[in-house]
Every structure is written in C-alpha cells, then in structure tokens.
Amino acid sequence: DAKTTQPPSMDCAEGRAANLPCNHSTISGNEYVYWYRQIHSQGPQYIIHGLKNNETNEMASLIITEDRKSSTLILPHATLRDTAVYYCIVRPSGKYGNKLVFGAGTILRVKS
Amino acid sequence: EADIYQTPRYLVIGTGKKITLECSQTMGHDKMYWYQQDPGMELHLIHYSYGVNSTEKGDLSSESTVSRIRTEHFPLTLESARPSHTSQYLCASSPSGQANQETQYFGPGTRLLVL
C-alpha cells in the first residue's frame, strides 16, 4: 500500500486559505487520493478525492502534482469550525481498495 | 451524504457485561465497516461486511463480533466487556462500486468506557 506523509500540525488564520500538503511518493497508477477530516473525535467526514486531475467541491479543492507523488488540500476560506485532524489516504486498487488506512494526519488549528 | 446512526453515543459499563453497539444506515449501502479508535490515536478497521450474511475481520484483531442480517443494520457485540475494550467505535458504510472509489461515510461514533 502507498504510504502518506503529512506534517503533524499547521496553523491558519481565520478567513485565509489553508493549504495542507501530503506526500505519497510510492503511489501507483490506479490508486486514488482521499481526504477526510475528524473534528474533535467525531466520526471522520469525507472531504474530497481524486486520481490525476485537480478536483473541487463545495468544501475544498484537491491539487495533485503531475507525477502524482504529492497533493495539496485547499480550504479556500478557513473558519474556526475547520479546526480538525485532516487525513490524506491513498487507496490501493484491487480487492483491498475498500479499506481506509488512517495515519496520524495533520492537526489544523484555525485561529482568529 | 449517507445517513448513518450509532447508538448509544456514550456507554459506561462494568466488567463482564455483554454489550451491543448499534449501527444503522438508510442509504441502502451494501458495504459496512467498524473502526476502533483509542483517544488521540489512529483509526483501525476491526470488521467489515460486503452485504447480508457477509462479515470479515479487519486489520486490527478484536474480541468483538458482528452480524449482518439486514442490509441497513450492522451491530457489534462484546460478550464480556473488559477495561481494555474502552475506546471509541466508529461505524461506516459505502455503496458498491470500484473498490478504491467507494466513499465511506461515518457515523458519530460510540464512546465506550468499561470500568
């Protein structure tokens, strides 16, 4: 399985963009990049996922580098409620692709 | 987004008691999952199901058992609770499709404290 590396913590000012990086240098061609977040030990919340192209939804944007070895989750206008642990997950192809393997994630603190 | 419910949200119970944690989803998802998360630690998959009458053990060994008699219901049972079972238990579900494109949606979790 491709492993991911994320910084343990980041701070962001309220109203500014939060850019959360993720390295997945061993990712292979059919493996998707997923982002979840967990607010104060609630159930993880799905944010966005992608394969090769950049993706955007109502919550965030996902920028994947051309070589797919890293990606960045962008929260365009962070609010205090975005303070959470953010998980970058690479999902393998094949029959084990249904499993989500959570790492330590990045603690994002949004400050006023 | 899936509607997925877990009860109870919090449970404090004595050692040796039998407990069942309930999980239900209303989206007709075929696949359901149980994760365990100790405070401040990572989530680990302990059970999953691909559909009715299908259950598999996850990556983390667990003394709990699960059943899947109805599509919408995936309860987890501990026959004899111990303090080592103290943890948060998270249920998730996903629709069927290409495995690594199936988005899993999580319930709010059950916090279990065994005294």
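Here's a quick rundown of the structure. (Residues numbered from 1 in each chain as written. Chains lettered and ligands numbered in written order. Predicted model: local features only at pLDDT ≥ 70, side-chain atom pairs only at ≥ 80, totals over all residues. Heavy atoms only, no water.)

Remarks on the sheet that holds strand S9 (residues 106-111) of chain A
Residues and elements named next belong to chain A.
Consideration 1: The sheet built from 5 strands is open, its strands ordered S1-S9-S8-S3-S4 with mixed pairing. Lying at the two open borders of the sheet, with one neighbouring strand each, are strand S1 (9-13) and strand S4 (45-50). The mean inter-strand angle of the sheet, taken between neighbouring strand axes irrespective of direction, is 25 degrees.
Consideration 2: Across 7 bridges, strand S3 (residues 32-38) lies against strand S8 (residues 84-91) in antiparallel orientation. Each residue of the ladder has a partner; that of Arg37, found in S8, is Tyr86. (Pairing = 2+ DSSP bridges. Helix = DSSP H or I, 4+ residues; strand = E, 2+ residues; numbered from the N terminus. Axes fitted to C-alpha atoms, helices over the stretch in contact; angles between N-to-C directions.)

Remarks on the environment of A:Ile48
Residue and element names in this part refer to chain A.
Consideration 1: Tracing the chain through its elements places Ile48 in strand S4.
Consideration 2: Residues Ile48 and Asn23, 25 residues apart in the sequence, show an inter-C-alpha distance of 16 Å.
Consideration 3: Look past the residues within four positions of Ile48 in its chain and what remains in contact with it is Val33, Tyr34, Trp35, Glu55, Thr56, Asn57, Ala60, Ser61, Leu62 and Leu73. (Contact = heavy atoms within 4.5 Å.)

Here we look at unusual backbone geometry
Residues apart from glycine generally show negative phi values, whereas peptide bonds are mostly found in trans.
Consideration 1: The omega torsion across B:Thr7 and B:Pro8 is -10 degrees, close enough to zero to call that bond cis.
Consideration 2: The residue B:Pro8 is located in the loop between strand S1 (4-7) and strand S2 (10-13) in this model.
Consideration 3: Phi angles above zero are rare outside glycine, and A:Arg68 is one such case at about 65 degrees.
Consideration 4: Mapped onto the fold, A:Arg68 is located in the loop between strand S6 (61-64) and strand S7 (70-75).
Consideration 5: When its relative accessible area of 8% is taken as the criterion, A:Arg68 is described as buried.
Consideration 6: With a phi angle near 65 degrees, B:Asn53 is a residue other than glycine that sits in the positive phi range.
Consideration 7: In this fold, B:Asn53 is placed in the loop between strand S5 (43-51) and strand S6 (54-57). (Buried < 20%, exposed > 50% of the residue type's maximum accessible area, 1.4 Å probe, protein only.)

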